[in-house]
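Summary of the model geometry
Letter by letter, the chains look like this.
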Amino acid sequence: MSNKIKGKYGEDIAANFLIKNGYKILERNYHFSRYGEIDIIALDKNTVCFIEVKTRSSNRFGAPFESVTKTKLDKIRKTAYSYLQNCNICYKNFRIDAISVLLMSDSNSAEPEIKHIKNIEF
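Residues numbered from 1 in each chain as written. Predicted model: local features only at pLDDT ≥ 70, side-chain atom pairs only at ≥ 80, totals over all residues. Heavy atoms only, no water.

**Re the overall build of the protein chain**
Basically, it comes down to this: Segments assigned H or I by DSSP are reported as helices when at least four residues long, segments assigned E as strands when at least two residues long, and all are numbered from the N terminus. Based on C-alpha atoms, the radius of gyration is set beside the globule rule, defined as 2.2 Å times the residue count to the power 0.38. We call two residues contacting when some pair of their heavy atoms lies within 4.5 Å. Accessible surface is estimated by sampling points in the Shrake-Rupley manner with a 1.4 Å probe; for residues, cover comes only from the protein chains shown.
Broken down by element type, the protein chain carries 2 helices and 5 strands. Secondary structure elements in the protein chain, listed N-terminal to C-terminal, are α-β-β-β-α-β-β. Here the protein chain has a C-alpha radius of gyration of 14 Å; the compact-globule value for 122 residues is 14 Å, and the two agree. The principal-axis extent of the C-alpha atoms belonging to the protein chain is close to 45 × 30 × 25 Å. Sequence-distant contacts, at least 24 apart, represent 55% of the contacts inside the protein chain between residues at least 6 apart. Total accessible area computed for the protein chain in this model is approximately 7,500 Å², and 49% of it derives from carbon and sulfur atoms.

Pasting the structure below:
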């Protein structure tokens, strides 16, 4: 499976996880200029969540969360501010989350391991 396909698959798993946990998906793959994209924008009660999804097939090269760097977080933050300025609804509360999806490549029947960290900061 290519990294692009694996990433999309992980984002689908993360979106379904969020929906099952009461979130409303507002956007997926929101792009803003050169700053980049936000994988999922979701509403958790009255808080807008800007969510970075990291998908891996194993921990051989490190855990998925290890690839969310300060630089990546800064880009997400700038893109989030753009979204908040340009959306038609005024949201007072927002946060940046990360979801890791660890696919069990040794077994097709195994469920992916999903971890959700809320309000990440560096």
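Read on for the rest.
**As for the nonpolar core**
Selection criterion: As used in this record, nonpolar core signifies buried Ala, Val, Leu, Ile, Met, Phe, Trp, Tyr and Cys residues forming a set joined through side-chain atoms within 4.5 Å. Burial here depends on accessible area, computed with a 1.4 Å probe over protein chains only, as a share of the maximum for the residue type. Under 20% is buried, over 50% is exposed, and the range in between is partly exposed.
In this structure, Ile41, Phe50 and Tyr83 are the most contacted members of the largest nonpolar core, which totals 17 residues. Elements that contribute at least two residues to this core include exactly β2 (36–44), β3 (47–56), α2 (70–86) and β4 (93–102). In terms of residue count, α2 provides more of this core than any other element does, 5 residues in total. Those residues in contact with phenylalanine 50 that sit more than four places away from it in its chain are Ile38, Ile40, Ile41, Ile76, Ala80, Tyr83, Leu84, Phe94, Arg95, Ile96 and Asp97.

**A closer look at the pattern of salt bridges**
We apply this condition: By definition here, a salt bridge exists when the distance from a side-chain nitrogen of Lys or Arg to a carboxyl oxygen of Asp or Glu is within 4 Å.
Enumeration over the complete set of coordinates arrives at 10 salt bridges. Residue lysine 8 is joined to aspartate 12 by a salt bridge in which the shortest nitrogen-to-oxygen separation is 2.9 Å. Here the residue lysine 8 and the residue aspartate 12 both occupy positions in helix α1 (residues 3–20), the gap between them amounting to 4 residues, near one helical turn. Owing to a relative accessible area of 44%, lysine 8 belongs among the partly exposed residues under this scheme. Its relative accessible area of 25% is what places aspartate 12 among the partly exposed residues. Residue arginine 77 is joined to aspartate 74 by a salt bridge in which the shortest nitrogen-to-oxygen separation is 3.0 Å.

By themselves these figures say nothing about function.
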